[in-house]
Amino acid sequence: MNPFLFRQFRRLETKVHELNYLFWECTQRCNLSCRHCGSDCFTSAKDQDMPLEDFLKALDTIPNPFCQNTSPKSTASRTSSVKLDESDSRTNSSSRKDNIDRLIVVLTGGEPLLRPDIEQVGKEIAKRGYYWSMVSNGFFYTEQMHRKLMAAGLKAITFSLDGIGENHNWMRGNPNSYEHTIKAIEIAAKERTLDLDVVSCINRRSISQMEEIYQKLKALGVRKWRLFTIIPIGRAKDDPQMHLTNEEMVRLMDFIAEKRQLSKPHPTTTSVIAASDKTTSNIAASDITTSNTAASNIAASDKTTSNTAASDIAAHPEQEMEVSFSCEGYLGKYEEKVRPVRHFCHAGINIASVLIDGRICACPNIDRDVFSQGNIYTDNLFEVWENKFQAFRNRDWARKGICAGCKQFKNCLGGGMHNWHSRPDGSTSLSDLDNPLSCHYHRTGGC
């Protein structure tokens, strides 16, 4: 797609900032000890699991014409506090109501399946008319758990496969992780009404296994495989085996580009949404879709009418698995070779999160000390969404360091928001950020 037209689409999307994804860091407890964990989770977490009722109170601040449980007070508060641009048809109240059912709640952690009330969580979200999904390591995803979660309204799920056999176990810190993950993927892949997304963190050990992982996932019936790399935060910060060299980064791009050439376009939940979204501007609408937005293993699949997508996929069994690179950063010449759409960090534009301690942010791996916008225990979630998040929606502050004089800044905007982290000395203001942690454009041959 023409870069100028895409920038215009991005500008309009930012102006409207329709909330499509709400991540809930519902626990920081985890049964694994992954080498690349950005949250540094353990079996016994510092913060207690957030009570379901606390999250639901925050969720209910979002105007929801499909649910009687939504507080009239919070809806009225939102209407009176937000000034809408009447010249933009996407920002009027009827347009908002027409699209509120596109919100998907994504459970992340930690490992969400460690919550004993996980079924109840799903049922309460579904009862409000929202789709919900989950990011899981798959260790506890048995047939019995699958049936329970499907009955609770689960629509999409993301599992991680970070290598074959021992390479995956090495990454996850558990000798049985690979076996459990493969079984979980196998169970989910058979459920045609469930949108399954498999992600892989490509590191210096797994890069040699990309073809093997590809063939394994195809054999399991996976339709979507998303690859990403690690930025130096959390446990991965000082682990040289986690970080690809620039040559390996190019090798990864070439691999994805080759696989995308093999795959034929097939109906996905994303394309169904794009086709039915009458609020998208007329700027090459057929080329614009809402990309999967996961900075680092966070993410879940796009929401749509599952039965429609499932029947379409079942009608095209010969199609190749769709392979793509994550939304980490701008890739220059590789942009449309490795992704369905050009780079667009949706954090704070279409994505918000409720963190374990109640803080309101965007993708959970974004620096929460610098970029948190409020707290559900003191603020109205939807009012914060409508009126704050300015650091996400105006990226002029990122014109510093290596980004200051870059000719590609208009396309990159400093890369993914998760690439901007505060200094080890604890500096927490926007002005303390010097450079992004990684420049994908230069790493893949940009100049």
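Residues numbered from 1 in each chain as written. Predicted model: local features only at pLDDT ≥ 70, side-chain atom pairs only at ≥ 80, totals over all residues. Heavy atoms only, no water.

Engineer: Any chance you could explain the overall build of the protein here in plain terms?
Structural biologist: When helices and strands are tallied, the protein shows 18 helices and ten strands. By the burial criterion, 62% of the 447 residues in the protein qualify as buried. Long-range pairs, those at least 24 residues apart, make up 74% of the contacts in the protein with a sequence separation of at least 6. (Helix = DSSP H or I, 4+ residues; strand = E, 2+ residues; numbered from the N terminus. Buried < 20%, exposed > 50% of the residue type's maximum accessible area, 1.4 Å probe, protein only. Contact = heavy atoms within 4.5 Å.)

Engineer: Teacher, can you tell me more about the pairing of strand β4 (residues 154–160) here?
Structural biologist: On a regular strand, one side chain projects to one face of the sheet and the next to the other, so that they alternate. Within β4, six of the seven residues are buried, which leaves it mostly tucked inside the rest of the structure. With respect to chirality, the unit in which strand β3 (residues 131–136) leads through helix α6 (residues 143–151) into the neighbouring parallel β4 is right-handed. Pairing of β4 with strand β5 (residues 195–201) involves five bridges; the strand directions are parallel. In the strand pairing of β5, Ser160 is matched with Val199. (Right-handed = clockwise from strand over helix to strand, strands pointing away. Pairing = 2+ DSSP bridges.)

Engineer: Whenever I open this one, the environment of Cys34 confuses me. Can you help?
Structural biologist: Mapping Cys34 onto the fold places it in the loop between β1 (21–25) and α2 (52–59). In this view, Cys34 contacts Met171, Arg172 and Arg235; residues no more than four positions away in its chain are not counted.

Engineer: When you look at the packing of aromatic side chains in this model, what are you seeing that I'm missing?
Structural biologist: Two aromatic rings are characterised by how far apart their centres lie and by the angle between their planes. With the rule as written, the count across this model stands at 14 aromatic pairs. Summarising the aromatic geometry, the rings of Tyr141 and Phe159 are spaced 5.1 Å apart at their centres and angled 70° between planes, so their arrangement reads as edge-to-face. Placement of Tyr141 in the loop between β3 and α6 and of Phe159 in strand β4 is noted, with a sequence separation of 18 residues between them. Taking the relative accessible area as the measure of exposure, Tyr141 reaches 2% and is therefore buried. Through a chain of ring-to-ring contacts, three or more aromatic side chains come together here, namely Phe371, Trp385, Phe389, Phe392, Trp397 and Trp420. One residue, Arg205, lies across the ring of Trp170, its end atom 4.2 Å from the ring centre. Just above the ring of Tyr334 sits the side chain of Lys337; from NZ or CZ to the centre is 5.8 Å. (Phe/Tyr/Trp six-rings, centres within 6.5 Å; stacked < 30°, edge-to-face > 60°. Lys NZ or Arg CZ within 6 Å of the ring centre and 35° of its normal.)

Engineer: How should I be thinking about the packing of helix α9 (residues 210–220) against helix α10 (residues 246–262) in this particular structure?
Structural biologist: What describes two packed helices is the angle between their axes and the distance between those same axes. Two elements in contact, α9 and α10, have axes whose closest approach is 11 Å; the angle formed by their N-to-C orientations is 30°. Where α9 crosses over α10, the handedness of that crossing is right-handed. Residues Met210, Glu211 and Tyr214 of α9 touch α10, and the partners they reach there are Arg251, Leu252, Phe255, Lys259 and Leu262. Residues of the contact of α9 with α10, tallied by class, amount to five nonpolar, no polar and three charged. (Axes fitted to C-alpha atoms, helices over the stretch in contact; angles between N-to-C directions. Left-handed = near helix turned anticlockwise from the far one by under 90°. Nonpolar A, V, L, I, M, F, W, Y, C, P; charged D, E, K, R; others polar.)

Engineer: How should I be thinking about the side chain of Arg115 in this particular structure?
Structural biologist: Mapping Arg115 onto the fold places it in the loop between β2 (104–108) and α5 (118–127). Beyond its immediate chain neighbours, meaning those up to four positions away, Arg115 contacts Trp24, Cys26, Thr27, Arg29, Asp49, Met50, Pro51, Leu52 and Val121.

Engineer: What exactly am I supposed to notice about the pattern of salt bridges here?
Structural biologist: Think of it this way: side chains of opposite charge can pair up when their charged atoms draw near. Counted according to the given criterion, the structure contains 19 salt bridges. With a closest N to O distance of 3.0 Å, Arg368 and Glu25 form a salt bridge. One end of the pair, Arg368, is in helix α14 (residues 368–371); the other, Glu25, is in strand β1, with 343 residues separating them in the sequence. The residue Arg359 makes a salt bridge to Asp357 at a minimum N-O spacing of 3.0 Å. Owing to a relative accessible area of 21%, Arg359 belongs among the partly exposed residues under this scheme. (Salt bridge = Lys/Arg side-chain N within 4 Å of Asp/Glu carboxyl O.)

Engineer: Please explain the nonpolar core as it appears in this structure.
Structural biologist: When a protein is soluble and globular, its nonpolar side chains tend to lie buried together. Ranked by size, the top nonpolar core spans 97 residues in total, and within it Phe55, Leu107, Tyr141, Leu217, Trp225 and Phe371 carry the most contacts. Residue contributions to this core peak at seven residues, all from helix α8 (residues 177–189). Leaving out residues up to four positions away in the same chain, Tyr141 has contacts with Leu113, His146, Leu149, Leu154, Ile157, Phe159, Ala184, Ile187, Ala188 and Leu194. (Core = buried A, V, L, I, M, F, W, Y, C linked by side-chain atoms within 4.5 Å.)

Engineer: When you look at the sheet that holds β5 in this model, what are you seeing that I'm missing?
Structural biologist: Think of a sheet as strands paired side by side through backbone hydrogen bonds, with each pair either parallel or antiparallel. With respect to topology, ten strands assemble into an open sheet ordered β7-β6-β5-β4-β3-β2-β1-β8-β9-β10, the strand pairing being mixed. Two strands close off the open sheet at either side, each with one partner strand: β7 (322–325) and β10 (374–375). As judged from the four bridges shared by strand β6 (residues 224–228) and β7, these two strands associate in the parallel manner. Across the sheet, residue Lys224 finds its bridge partner in β7, namely Glu322. Its contacts with the sheet place α9 against β5, β6 and β7, and it is angled at close to 155° to β6. Strand contacts of α10: β6 and β7, with the helix running at about 150° to β7, the strand carrying the most contacts.

Engineer: Just to check I follow, could you spell out the environment of Arg226 for this structure?
Structural biologist: Along the chain, the position of Arg226 falls in strand β6. Residues Arg226 and Glu322, spaced 96 residues apart in sequence, show a C-alpha to C-alpha distance of 8.3 Å. Of note is the side chain of Arg226, whose polar atom sits 2.2 Å from the side chain of Asp197. (Polar contact = N/O pair within 3.5 Å; in protein donor to acceptor, adjacent residues only side chain to side chain.)

Engineer: Would you mind going over helix α1 (residues 3–16) with me for this structure?
Structural biologist: Each turn of an α-helix holds 3.6 residues, which means side chains three or four residues apart point in the same direction. Look at α1: 20 Å from first C-alpha to last across 14 residues, which is about the 20 Å you get at 1.5 Å a residue. For α1, the complete set of buried residues consists of Phe6, Arg7, Phe9, Arg10, Glu13, Thr14 and Val16. Where α1 begins, the side chain of Asn2 points an oxygen toward the backbone nitrogen of Phe4, at a separation of 2.8 Å. Two residues or fewer after α1 comes His17, characterised by a positive phi angle close to 40°. (Expected span 1.5 Å × (residues − 1).)

Engineer: What is the right way to look at α6 in this model?
Structural biologist: Inspection of α6 places Met145, His146, Leu149 and Met150 among the buried residues, and these make up the whole buried set. Viewed end-on, α6 has its buried residues packed into an arc of 130°, placing them on one side of the element. For α6, exposure combined with an orientation more than 90 degrees from the buried face picks out Gln144 and Ala151. Where α6 is buried, its residues contact α5, β3, β4 and α8. Of the residues flanking the end of α6, it is Gly153, one or two places downstream, whose phi is positive at about 100°. (Arc of directions from axis to C-beta.)

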